[in-house]
Amino acid sequence: MNSLLYQNPLLYERLLSVLHGKSWKKRYELMAKLVGKNKKVLDLGCGSCVLVKYLDQSCEYIGIEANTKFVRYAQEKNLNIIHGDIFEVDFPKADIVVISDILHHIIPKQEQLIKKALESASVLIICEPKHGKGICNWISSNKLFFKLFGDNDGINRYEEMMAWEYSESALREFLSQFGKMETHRAGNSIIARLVI
Ligand SMILES: C[S@@+](CC[C@H](N)C(=O)[O-])C[C@H]1O[C@@H](n2cnc3c(N)ncnc32)[C@H](O)[C@@H]1O
């Protein structure tokens, strides 16, 4: 069973936009800018497909998502979305793969996902919120809060997700082993463009 956050795509978008403030819009604008024009974009764990609103209209978009409610919401908007698990679905070839707010969910399979994504495209855009240590982090890592209201997507386990400990520099180091990388900042989020 997933948390309240993952039961309603509209609630998910509203709450996260409040939590991230101005940087919510900024991070999708930045990712869209890094994508550019006329690209085939594969968005892994695409959620409610927030990214698609920011992409240039010349881009072709495909999302993959396991949450049935999010998939239905995207399908109602006629978006191109595959319902399935990113570790089971064969990825179509793309120009760019986007991995936004996913790596900290899929611990310990982060390396497996990056390698699989690089078989589909030679450019990856990865967005991750910075791992913090403040009061908000303390609340969100409480097991009961996590299960009922927090980042519990109903797919990945609490114990594994809590093992995510990448600092900004550790994330850079992890990603740079796969190719040439540039990083950007949007508020609390780090956005990396990785090219092999
Ligand atoms: C924090 S949300 C990010 C959504 C979106 N990428 C964004 O930037 O708004 C994480 C998403 O990953 C999805 N997810 C987690 N593990 C997955 C898996 N193994 N296969 C497919 N989707 C997955 C969850 O259902 C959730 O919608």
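Scroll up for the structure.
The sections below set out a description of the structure shown in this document.

Rules used in this analysis
Here, residues in each chain are numbered from 1, in the same order as that chain's written sequence. The predicted origin of the model limits local features to residues at a pLDDT of at least 70 and limits the giving and counting of side-chain atom pairs to 80 or more, whereas totals for whole chains, interfaces and linings rest on all residues. Working from all heavy atoms in the structure, the side-chain values ignore hydrogens and water. Points on a 1 Å grid over protein atoms alone make up a cavity when a 1.4 Å probe fits among them but cannot get out, and a pocket when they form an open set with protein on both sides within 12 Å along at least five of seven lines; lining residues each have an atom within 4 Å of a point. Grid points are joined across faces, edges and corners, and a volume is the space filled by probe spheres set on the points. Helix and strand assignments follow DSSP, with helices taken as H or I runs no shorter than four residues and strands as E runs no shorter than two, numbered in order from the N terminus. Three classes are used, and their members are as follows: Ala, Val, Leu, Ile, Met, Phe, Trp, Tyr, Cys and Pro are nonpolar, Asp, Glu, Lys and Arg are charged, and the others, Gly among them, are polar. Strand pairing is assigned whenever DSSP detects at least two bridges linking the two strands. Lines fitted to the C-alpha atoms define the axes, with helices restricted to the stretch that makes contact. Angles between their N-to-C directions range from 0 to 180 degrees. The criterion used for residue contact is that any of the two residues' heavy atoms lie within 4.5 Å. Each reported salt bridge corresponds to a side-chain nitrogen of Lys or Arg within 4 Å of a carboxyl oxygen of Asp or Glu. When accessible area is computed with a 1.4 Å probe and restricted to protein chains, residues below 20% of their type maximum are described as buried, those above 50% as exposed, and intermediate ones as partly exposed.

Counted by the stated rule, this structure contains one cavity of 30 Å³ or more. Volume-wise, the largest cavity comes out at about 40 Å³. Lining of the largest cavity is provided by Glu128, Pro129, Lys130, His131, Trp164, Tyr166, Ser167, Glu168, Leu171 and Ile190. Of all the secondary-structure elements, those providing two or more residues to the lining of the largest cavity are strand 5 (123–129) and helix 8 (168–176). Residue classes in the lining of the largest cavity are distributed as five nonpolar, two polar and three charged.

Taken in spatial order, the seven strands line up as 3-2-1-4-5-7-6 in an open sheet, and their pairing is mixed. Since the sheet does not close on itself, it has two edges, and those belong to strand 3 (81–83) and strand 6 (180–186), each with one partner. Taken pair by pair, the neighbouring strands of this sheet meet at an average axis angle of 20°, ignoring direction. In this structure, strand 6 lies alongside strand 7 (residues 189–195), joined through seven bridges in antiparallel fashion. Paired with alanine 186 across the two strands is serine 189, which belongs to strand 7. The strands touched by helix 2 (residues 22–35) within the sheet are strand 1 (40–44), strand 4 (96–100), strand 5, strand 6 and strand 7, with strand 6 carrying the most contacts at an inclination of about 150°. Strands strand 1, strand 4, strand 5 and strand 7 of the sheet are contacted by helix 4 (residues 110–120), whose axis makes an angle of about 155° with strand 4.

Inspection of the entire model under this criterion finds nine salt bridges. Among the ionic pairs, lysine 115 bridges to glutamate 111, the shortest N-O distance being 3.1 Å. Taken as a pair, lysine 115 and glutamate 111 lie in helix 4 at a separation of four residues, close to a single helical turn. Under the relative-accessibility criterion, lysine 115 is labelled partly exposed at 45%.

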